[in-house]
Amino acid sequence: MRVARLIRLAAAGLLSVAAAFVPAPAGARAPGPPPTGPVQNNWASAMLYSVAHPQAYPRGVNEPSCRPDPAHPRPVVLVNGTLENVYATWSRLAPQLRSDGFCVFGFHYGGQEGSPFQQLGPMRASGRQLAAFVDRVRAATGAARVDLVGHSQGGLLPLYYINRLDGRTKVGRMVGIEPVSRGVRLHGVLTVMARTPGLSQVEGLVCAACADFTAGSPFMREAAEGGHTRPGVEYTTIISRADGLVTVAEAQVPPARNVTNIVTQDVCPTDLVDHANAVYDDITLRLVRDALDPAGSRPPRCHVTLPLLPPQP
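Report follows, based on the coordinates.

Backbone geometry places Asn62, a non-glycine residue, at a positive phi of 60°. Relative to the helices and strands, Asn62 is located in the loop between α2 (43-52) and β1 (76-79). With phi around 50°, Glu178 is a residue other than glycine that occupies positive phi space. Following the sequence through the fold, Glu178 ends up in the loop between β4 (171-177) and α7 (189-195).

Next up, the structure:
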């Protein structure tokens, strides 16, 4: 009886906030000049800025006049993580990639239009939004293929797009930062929710994406059908052992000739960056930039980074 009562209370609590987070499809707009915000050096400050300025995009994103050059022939499409948005996730990396010479594009998906809280909706629908946005970027730039860089859920969604929505013919490289490539258990919490009547239905209402990226879910089985990867696409995953939310095993895709799985501490042992701040960690971002441009790669400058603290600027 006590367990049943706790389940009912938890469900009631989740339902009380559901109205604020039930996602309506956010259209994948054609690339165009968005309002931009300043470069941030940590996830918390970027997220807070995006809450106050929900229309803000990172500098260097969605420039309509940008055309790929021979040194950087594929535009880079940035794919955000759960509950995040383009600015909160990419305000540091996007300007770096633009400075490197890439055309850079980003979009919101799986959330209410105009909300800073995105990527909560069903991942199959989000996959279709990603597919539509990639096609618009290709049409705008004249590029046959794009490179995808995703964080967390954004490191899984490209796998679904590549494997199930014909993205394998349109993607050159796919880089996942702390990705949930094989689904996540969140230390067993998501697994328990998926198996608990009542909680699973509420979870699907509040965060359908959370139910989809739970390890063993129907979506995860569908995304991995025929293997996690496809020939013709180069894959890189970057995962910190200090992530706190995603394990190394959950992040990495099966080894293959076209797969590079990187553990941050194998490169820089003192970099103990956490899940959220990985997209603001200069070491991690150096590894991302090297994966996108192997010819111009250089080793990161190793230093101490502690979890839950802002990375070095």
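Read on, since the account is not over.
For the rest of this paragraph, the subject is the nonpolar core. Membership of the largest hydrophobic core comes to 41 residues, with the highest contact counts inside it found for Val77, Leu130, Leu148, Leu156, Tyr161 and Phe213. By size, the runner-up hydrophobic cluster in this structure holds 28 residues, among which are Leu93, Phe102, Val149 and Val273.

Let's shift gears to the sheet that holds β1. Read across the sheet, six strands follow the order β2-β1-β3-β4-β5-β6 without closing on themselves; strand pairing throughout is parallel. Across the chains shown, the open sheet's two edge strands, defined by having one partner strand only, are β2 (104-106) and β6 (259-263). This sheet shows a mean twist of 15° between the axes of neighbouring strands, independent of strand direction. Bridging between strand β5 (residues 234-239) and β6 involves five bridges; their strand directions are parallel. Directly across from Ile238, in β6, lies its bridge partner Ile262.

Let's shift gears to the pattern of salt bridges. Counted under the stated rule, the structure contains ten salt bridges. Measuring nitrogen to oxygen at the nearest pair gives 2.9 Å for the salt bridge that ties Asp100 to Arg289. With a gap of 189 residues between them, Asp100 in helix α4 (residues 93-100) and Arg289 in helix α13 (residues 282-292) connect regions that are remote in the sequence. Exposure remark for Asp100: the relative accessible area of 25% places this residue in the partly exposed category. As a salt-bridge pair, Arg168 and Asp166 come within 3.5 Å of each other at their nearest N and O atoms. Linked through salt bridges whose partners overlap, the residues forming this network are Asp135, Arg138 and Lys170.

This part is about the packing of helix α5 (residues 123-141) against helix α6 (residues 153-164). Packing of α5 against α6 leaves a shortest axis separation of 9 Å and a crossing angle of 75°. The orientation of α5 relative to α6 falls into the category roughly perpendicular. Residue-level contacts link Met123, Arg124, Ser126, Gly127, Leu130, Ala131 and Val134 of α5 to Gln153, Leu156, Leu157, Pro158, Tyr160 and Tyr161 of α6. Taken together, the residues of the contact of α5 with α6 break down into nine nonpolar, three polar and one charged.

All told, the structure shown has three disulfides when counted by the stated rule. Disulfide pairing is shown between Cys66 and Cys103; the S-S distance is 2.0 Å. Its S-S torsion of about -90° marks the bond between Cys66 and Cys103 as left-handed, since a negative value means left-handed. Here Cys66 is found in the loop between α2 and β1, whereas its partner Cys103 is found in the loop between α4 and β2, with 37 residues between them in sequence. The class of Cys66 is buried, set by a relative accessible area of 6%. Here Cys103 falls in the buried class, since its relative accessible area comes to 1%.

For the rest of this paragraph, the subject is the side chain of His72. If you trace the backbone, His72 turns up in the loop between α2 and β1. Under the relative-accessibility criterion, His72 is labelled buried at 10%. At a separation of 3.0 Å, a polar atom in the side chain of His72 contacts the main-chain carbonyl oxygen of Asp100. Ignoring anything within four residues of it in the chain, the contact list for His72 reads Asp100, Gly101, Phe102 and Asp293.

Here we come to the packing of α4 against α13. Running from N to C, α4 and α13 point in directions that differ by 35°, and their axes come no closer than 11 Å. For the pair α4 and α13, the sense of crossing is right-handed. Contact residues: α4 offers Leu93, Gln96, Leu97 and Asp100, while α13 offers Leu285, Val288, Arg289 and Leu292. When its residues are assigned to classes, the contact of α4 with α13 shows five nonpolar, one polar and two charged.

Cut-offs and rules
- Per-chain numbering applies: the sequence of each chain, read as written, is numbered from 1 onward.
- For a predicted model such as this one, the threshold for reporting local features is a pLDDT of at least 70, and the threshold for listing and counting side-chain atom pairs is 80 or more; totals across whole chains, interfaces and linings nevertheless cover every residue.
- With hydrogens and water excluded, all non-hydrogen atoms of the structure serve as input to the side-chain values.
- In this text, helices come from DSSP runs of H or I with a minimum length of four residues, and strands from runs of E with a minimum of two, each type numbered from the N-terminal end.
- Note on terminology: a nonpolar core comprises buried Ala, Val, Leu, Ile, Met, Phe, Trp, Tyr and Cys residues joined through side-chain atoms within 4.5 Å.
- Exposure classes here rest on a 1.4 Å probe applied to the protein chains alone. A residue is buried below 20% of its type maximum, exposed above 50%, and partly exposed in between.
- Strands were regarded as paired on the criterion that DSSP finds at least two bridges between them.
- The convention used is that axes are lines fitted to C-alpha atoms, helices contributing only their stretch in contact, and that angles between N-to-C directions extend from 0 to 180 degrees.
- By salt bridge we mean one thing: a side-chain nitrogen of Lys or Arg within 4 Å of a carboxyl oxygen of Asp or Glu.
- The labels follow the angle: roughly parallel below 35 degrees, roughly antiparallel above 145, roughly perpendicular from 65 to 115, and oblique for the rest.
- By definition in these notes, contact holds between two residues if any of their heavy atoms fall within 4.5 Å.
- Under this grouping Gly is polar, as are all residues other than the nonpolar Ala, Val, Leu, Ile, Met, Phe, Trp, Tyr, Cys and Pro and the charged Asp, Glu, Lys and Arg.
- We call a pair of cysteine sulfur atoms a disulfide when they lie within 2.5 Å.
- The definition of a polar contact used here is a pair of N or O atoms within 3.5 Å, where within protein one atom must be able to donate a hydrogen and the other to accept one, and adjacent residues in sequence count solely through side-chain atom pairs.
- Handedness of each helix crossing follows the sense of rotation of the near helix against the far helix: counterclockwise by less than a right angle gives left-handed, clockwise gives right-handed.

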